[in-house]
Structures are given as structure tokens and as C-alpha cells.
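Chains, contacts and geometry: an overview
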Amino acid sequence: MKRLVILGAGTAGMMVANKLRRRLPLREWQITVVDRDDVHLYQPGLLFVPFGVYRPAQLTRSRRRLLRSGIQFLTGEIERIDPVAKTVRLGDGTAVGYDYLVVATGTSPRPDQTPGMLGAEWRKSIFDFYSYEGSVALADALRDFTGGRLVVHIVDQPIKCPVAPLEFTFLAEAYFRSRGMRDQVEIVYATPLSGAFTKPIASARLGDMLDERKIAVEADFLVERIDSERKMLVSYDEREIEFDLLVTVPLNMGADFIARSGLGDELNYVPVDKHTFQSTAYPDIFVLGDAADLPISKAGSVAHFAAEIFTGNFCQYVEGHPMTGSFDGHANCFVESGDGKGLLIDFNYDTEPLPGSFPLPVVGPLGLLRENARNHWGKLAFRWIYWHVLLPGRRLPVPTHLSMTGKKQPDKEI
Amino acid sequence: MPVVTIGPAEVHVDAEGFLTQYGEWTEELAAQLAAQIGIELTDAHWKAISFLRADYPQRGETATLRRVSTLAGIPIKQLFVLFPGKPAKKMAYVAGLPKPRGCV
Ligand SMILES: Cc1cc2nc3c(=O)[nH]c(=O)nc-3n(C[C@H](O)[C@H](O)[C@H](O)COP(=O)(O)OP(=O)(O)OC[C@H]3O[C@@H](n4cnc5c(N)ncnc54)[C@H](O)[C@@H]3O)c2cc1C
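Quick summary incoming for the structure in this document. (Residues numbered from 1 in each chain as written. Chains lettered and ligands numbered in written order. Predicted model: local features only at pLDDT ≥ 70, side-chain atom pairs only at ≥ 80, totals over all residues. Heavy atoms only, no water.)

1. Points about the overall build of chain B
Counting secondary structure elements, chain B contains 5 helices and 2 strands. Put simply, chain B runs from its N terminus to its C terminus through helices and strands in the order β-β-α-α-α-α-α. What you see for chain B is a C-alpha radius of gyration of 13 Å, in line with the 13 Å of a compact globule of 104 residues. Along the longest, intermediate and shortest principal axes, the C-alpha atoms of chain B span 35 × 30 × 20 Å. Classification of the 104 residues of chain B by burial places 44% in the buried group. Sequence separation of 24 or more characterises 48% of the internal contacts of chain B that already satisfy a separation of 6 or more. For chain B, the computed accessible surface area is about 5,000 Å², with 55% contributed by carbon and sulfur atoms. (Helix = DSSP H or I, 4+ residues; strand = E, 2+ residues; numbered from the N terminus. Rg over C-alpha atoms; globule rule 2.2 N^0.38 Å. Buried < 20%, exposed > 50% of the residue type's maximum accessible area, 1.4 Å probe, protein only. Contact = heavy atoms within 4.5 Å. Areas by Shrake-Rupley, 256 points an atom, 1.4 Å probe, with all protein chains shown as cover.)

Right under this line is the structure:
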């Protein structure tokens, strides 16, 4: 029997396990998936919890039940990988041996990495929505907010779903407007980037949308610490931003066991070949999803396209054939903009998000970098697609590689 | 790609003046590039720049502030003092490397 072990039953681990289960014969393969618990969280839903759109219970399901039959599921804290002995050690001392390893342990918010964040104001006036507990607590804080300065803040890049803090800002602006208290709330968007987003054309468009909504942008702001007594963000270059309510995206880091195993970079991401996800250090280790150091957004959609390429490649690799699939960095993200509207951005390693329209069978074209209601419904429909199409490992009717159909390349000088 | 003359050397740069050819950089050039953005290079600057130069060929991209800080042991705070304003960009500029990608 050949042993495939998949670490993490999040978006990427689940898709890869279910896809490979259908392609690898059970009599030759044992597939084992490990995660610390049995609760799979639909993370994109965390954006909406603070605004009361979802009840938290709508966002979780049993991992075990989402995995196809024939896959072994172990719960336990992953402590270390020994890539030479080819074993994984769990918290209770269990050693799990593997022939091939898929690391899909994602990235998580680390409020402990910014001095002062976890101080007296944590979950009183300082919140994050990247964790389940954080987004639930923030719902109460928003409901009880009577006005003042709301600061939406990102500690540093890369973060998963890099558009989520912008979406949160748009939704918060619309939320306060709908409650008739917009003029009592000053909104500031503090980012370590030089503009609203990383890529120039999208950054300009999204920056205009912040302007139109009278949201002030504090750019190039790299936080050093939070002074929770004075309710102040303090940057390395000694700028200060005062807040009444702070919604921050803490530093995102890969799992600590990656560092302990000697496999990670400074943020515990594993260096891989960006077209095949193969570890640059150990050829029998592949890293899917947010845990890899790919130069593209960390997003579920990226993990989906990546998993498509990877499963084909993996079947070739274990037969001793060259891997012919090559990932182009395709990412496709809905961006909620408030008032029941949204935008869509579609890009890859080489092509930045461009305006235009995105052809989709049956549903019809979606607007790229353009607000409309259809994009918003697309985002909400995504939850159903996630549970019923993505995680079971079925194919989306969207090309795996970026297509230029419908995209408009603006004149270079914009 | 425009070619510009900096001191005695002719080098290829992008629209913002970042060198585009890893091999065209020299230590003398670094001093000239630094001078253009008002920085006089000290040992502390060189520690950061040497790290960036050595790291780039292995990783294929310019190190972020956090990477320099963790791996070269220079606190981020000090990088802001050495390369005021936009340290990541300024370090890359002086080290003759591409502007750090905005992290997608
Ligand atoms: C607020 C928010 C909004 C988002 N919106 C979108 C969106 O609209 N569209 C989109 O495409 N993406 C979105 N994302 C990003 C998306 O959720 C992630 O990119 C995706 O989940 C990555 O999948 P992954 O499998 O790499 O990691 P995850 O899904 O995070 O899974 C990692 C798994 O590893 C497990 N694990 C980690 N360490 C250990 C350990 N030591 N021991 C045992 N188990 C461990 C964890 O328990 C977890 O189950 C959003 C994310 C957030 C936070």
C-alpha cells in the first residue's frame, strides 16, 4: 500500500483529498487526512457575520462527513514533520508515516505578533474578523457602536483574501448609512501598501470607491505597536492613528510546526515551485493552498484552481512520469462593495485584474472591476457552491487558467 | 527598458529607476544610487544591502522588510531609520533589485 498523508482539512486539503480519492485506487492507496478538530469553517462567511447576514451556525460542517468514504480522518495537533524519516508527529505522540505528503495547513491571524494588540482593549475596542470568535464578537460591537472613529487596519501583507479588509470597509460604510448614523462615524483605512490594493489598475478603481464613500486612506502605514491605553496605532515611522473602534487584520502566518520542521520562510510559508506546488527541498512533499509561498493572493479560488492542476500532476508523478500541468496563478475573487453590490476581479501571475466582463455559462457575464448586483449574488451563491461543488472535489464551470475573453487592457497611462 | 548613466556606469533601469539587471550592480554604484535618494551608506546600511543581494538569487524576488529583519537580524524599526520613509523600496533601489512586489 502506498501512503498519502494530507495535513489540514481546510479548503485545499478537503478538495485535494476528495479529488484524489476518486483517482487513486483504494486497493493500492491509503489516504489519511489530519486536522486538529472536526469543524470545517467556511471562512468567506466571516466577512458577513459582523453585519448579521449569517448566523455562525451556517458556516460550519463536520470535516469527517465532508470527506468521501475510504479516506481515513485523524484529529490531532500536528507537531512536526520529519521529511527525512517521512513521518508526521502528532500532539499525542502518534507517528504517521507517509510516502507522499500534502501540506495544506493554511495561514492564520496572529494577534500575538503585534505588541499591545492582545492587551486590555482586545475584543473591547480592538477586533479582528479573520477568526470565528472575532467576527462573532465584532457583530455585537458594531451593533452597540454609537459613533466615533472606526479604523480598519492591516498589519502586513501577505494576508489571505487581501480584498476582505476593503470589503469590510465598504460594508461597514453601507451599514452605518443604513442605520442613519453615517455622519457620526469617521472611517479610516490604514494599510501597509501604498494604495488601496496591490495591483495598479484595481488599486486605482478601489481607491476611487473609498474616496466616493469619504473613507480616508492612511497608506504606507506599518504598525509597530498598539497603545491600548491611548487607543492609538503607532507605526514604525512614528505616525499615530487614534481609534474608537479598531478592526484589524493581524499578521498572518503559516503554522508554527512548519518552522519547527525547518520547512518554512520567515512567515512559516513553505517554498515551492510556483507551477507545480512541489517543495523545493523535498520532492515528495507538495504544498497546496495558503501554506505555500506562491506569489499570488491567498484565496480559496486559488486553492481550487491549484487543486485541479495538482491532482492531474500527482497521478503522473507517482507513476514516475513528468508532471505536465502548470499553474498560472489564476485567482478569481468577488469583492463586496455594499448596498447589495459587488465587483469581480480575475487575475494571475502575469496579468493584473482588468476591467471588462467575465463570461459565465448560464448565469451570464459578470462585471469585472465594475459594481453590480449580479456580482453580489455571485458572492452569496458561492457558499452553496463551496459546500456542494468545491469541497466534494467537483469541477466549477470556470476555466482553470486565466482567459483574456471579455477583459479590456486600458491604455498604459491611466 | 531605458539605459541611464549613473556615475561612470551605463545601466538598465525600469520606469521608476530600479535596476533591471542583477549583474549590472556594483558597490560603487550602490553608493551613487544611495546618494541620489539622500542616503550615505554606513556599515549598518551595508549589512541590509548585502543580505538583500545574497537573498535575491536564491528566492528570485526582493526580500520584504520582515524577511530582512528576521534573517539578517536588523529590527524593522532600524530599517526605517536607515532608509527613512519607504525602507523596502529604498533598500531595493540601492541594492539594484526590483521593487518589492506589493504582495499580491
Ligand atoms: C474573512 C475571510 C474572507 C475570505 N473570503 C474569501 C473569498 O471571498 N473568496 C476566496 O476565494 N477566499 C476567501 N478567503 C480565503 C480562504 O478562506 C482561504 O484562502 C482558504 O480557506 C485557504 O485554504 P487552505 O486549505 O490553504 O487553509 P484553511 O482552509 O485555513 O485550512 C487549514 C487547515 O489546517 C488546519 N491546521 C493548521 N495547523 C494545524 C496543526 N498544527 N495541527 C492540525 N491542524 C492544523 C486548520 O485547522 C485548518 O482546518 C477568506 C478568508 C477570510 C479569513
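2. Re the interface of chain B and chain A
Accessible area lost during the coming together of the parts is what is often quoted as the interface size. Every contact between the two is made by 16 residues of chain B and, on the other side, 25 residues of chain A. Across the interface of chain B and chain A, roughly 1,700 Å² is buried in total on both sides, 57% from carbon and sulfur atoms. Linking chain B to chain A there are 7 salt bridges. The partner of aspartate 265 of chain A in a salt bridge is arginine 59 of chain B, and the shortest N-O contact between them spans 3.6 Å. The interface formed by chain B and chain A contains 6 residue pairs in polar contact (both at pLDDT 80 or more). Breaking the side of chain B that touches chain A down by element, the ones donating at least two residues are α3 (65–72) and α4 (76–82) of chain B. The class makeup of the residues in the side of chain B that touches chain A is 5 nonpolar, 4 polar and 7 charged. (Buried area = accessible area lost by both parts, 1.4 Å probe. Salt bridge = Lys/Arg side-chain N within 4 Å of Asp/Glu carboxyl O. Polar contact = N/O pair within 3.5 Å; in protein donor to acceptor, adjacent residues only side chain to side chain. Nonpolar A, V, L, I, M, F, W, Y, C, P; charged D, E, K, R; others polar.)

3. A few points about the site of the ligand
Residue and element names in this part refer to chain A. If you check the shell around the ligand, you find 30 residues, and the closest are Thr11, Ala12, Asp35, Ile78 and Asp290. Between glutamine 43 and the ligand, the recorded distance is 2.9 Å, taken from a side-chain N or O atom to an oxygen atom. Arginine 63 is positioned such that a nitrogen or oxygen atom in its side chain is 2.9 Å from an oxygen atom of the ligand. Protein contacts shield 94% of the accessible area of the ligand, which totals 1,000 Å² for the unbound molecule. Elements represented by at least two residues in the shell around the ligand include exactly α1 (11–23) and α7 (300–318). (Near = heavy atom within 4 Å.)

4. Details of the sheet that holds strand β16 (residues 232–235) of chain A
Residues and elements named next belong to chain A. Pairing is antiparallel in the open sheet, where 3 strands are placed in the order β15-β16-β17. Strands at the two margins of the open sheet, each flanked by one partner only, are β15 (223–227) and β17 (240–242). Pairwise comparison of adjacent strand axes, ignoring direction, gives a mean angle of 20 degrees for this sheet. As paired elements, β16 and β17 share 3 bridges and run antiparallel to each other. Bridge pairing in β17 places valine 234 opposite glutamate 240. (Pairing = 2+ DSSP bridges. Axes fitted to C-alpha atoms, helices over the stretch in contact; angles between N-to-C directions.)

5. A short note on the sheet that holds strand β2 (residues 29–35) of chain A
All names here are of chain A. Spatially, the 5 strands line up as an open sheet ordered β5-β2-β1-β9-β20, and their pairing is parallel. For this open sheet the edge positions go to β5 (71–75) and β20 (285–287), each flanked by a neighbour on one side alone. Averaged over all adjacent pairs, the angle separating strand axes in this sheet is 20 degrees, with direction ignored. The sheet contact formed by β2 and β5 spans 5 bridges and is parallel. Considered in β5, the bridge of aspartate 35 is made with threonine 75. On the sheet, α1 packs against β1 (2–7), β2, β5 and β9 (100–103) and is oriented at approximately 155 degrees with respect to β1.

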